[in-house]
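Secondary and tertiary structure notes
As a plain string of letters, each chain reads:
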Amino acid sequence: AVGLAAAAVSGLRQLPEGVTVTFFDVGQGDAIHIRDGSVDVIVDGGPSSNFAGQLRRDLPSTDRTLELVVATHPDADHITGLASLVAAFDVRQVLEPDVPSKTKTAQRWHEAVARAGLSVIRPSIGQRFSLPHGTLTVLWPRDGLNRPATNDHSIVLRLDVGADCVLLTGDA
């Protein structure tokens, strides 16, 4: 999925100047950084607790604010690295599905969010997050979804920038 998404981003057209989408090589899982002007959005943090270190190299040294951190679903290969972000950066908003998980990784993530005093936004189909040059839209999960598999609750996002779009599927 990373290869296909990266190919879609780097296809025949380039995103407008100032907009980048970086797909980090984290092995199994996802870790994606969307930068639109000075606005930073993180989608998942991969399976390593050192994702903050990787991200620091991708950001200007003076920028330590993450406007939105998305945990697509509570599987370790997507959220392990997110707890380090909350400790290392000024996170403004967190978006994650309302799906129970009793794993130690999910517990560490939720404790980090609580320690930082962050409230969690629950996704809703059609919900939009405005960026300087584009929009991030929630395509999934639907409200009231009642399935036991965490992947079924995975947030799917569409990034629209001008005539281009990028589909971010988590594990959906």
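Structure: above.
In this report, we go over the structure that sits alongside the text. (Residues numbered from 1 in each chain as written. Predicted model: local features only at pLDDT ≥ 70, side-chain atom pairs only at ≥ 80, totals over all residues. Heavy atoms only, no water.)

**Thoughts on the side chain of Glu96**
Tracing the backbone through its elements, the reader meets Glu96 in the loop between β7 (94-95) and α5 (104-115). A residue is classified by how much of its surface remains accessible, and Glu96, at 5% relative accessible area, is buried. If sequence neighbours within four positions are ignored, Glu96 has contacts with Ala71, Trp109, His110, Val120, Ile121, Arg122, Pro123 and Ile155. (Helix = DSSP H or I, 4+ residues; strand = E, 2+ residues; numbered from the N terminus. Buried < 20%, exposed > 50% of the residue type's maximum accessible area, 1.4 Å probe, protein only. Contact = heavy atoms within 4.5 Å.)

**Some thoughts on the environment of Ser154**
Relative to the helices and strands, Ser154 resides in the loop between β10 (134-140) and β11 (156-161). With relative accessibility at 0%, the residue Ser154 sits in the buried group. In sequence terms Ser154 and Asp98 are 56 residues apart; their C-alpha atoms lie 10.0 Å from each other. Engagement of the side chain of Ser154 in a polar contact is seen with the side chain of His73, the distance being 3.3 Å. (Polar contact = N/O pair within 3.5 Å; in protein donor to acceptor, adjacent residues only side chain to side chain.)

Just distances and angles here, no functional claims.
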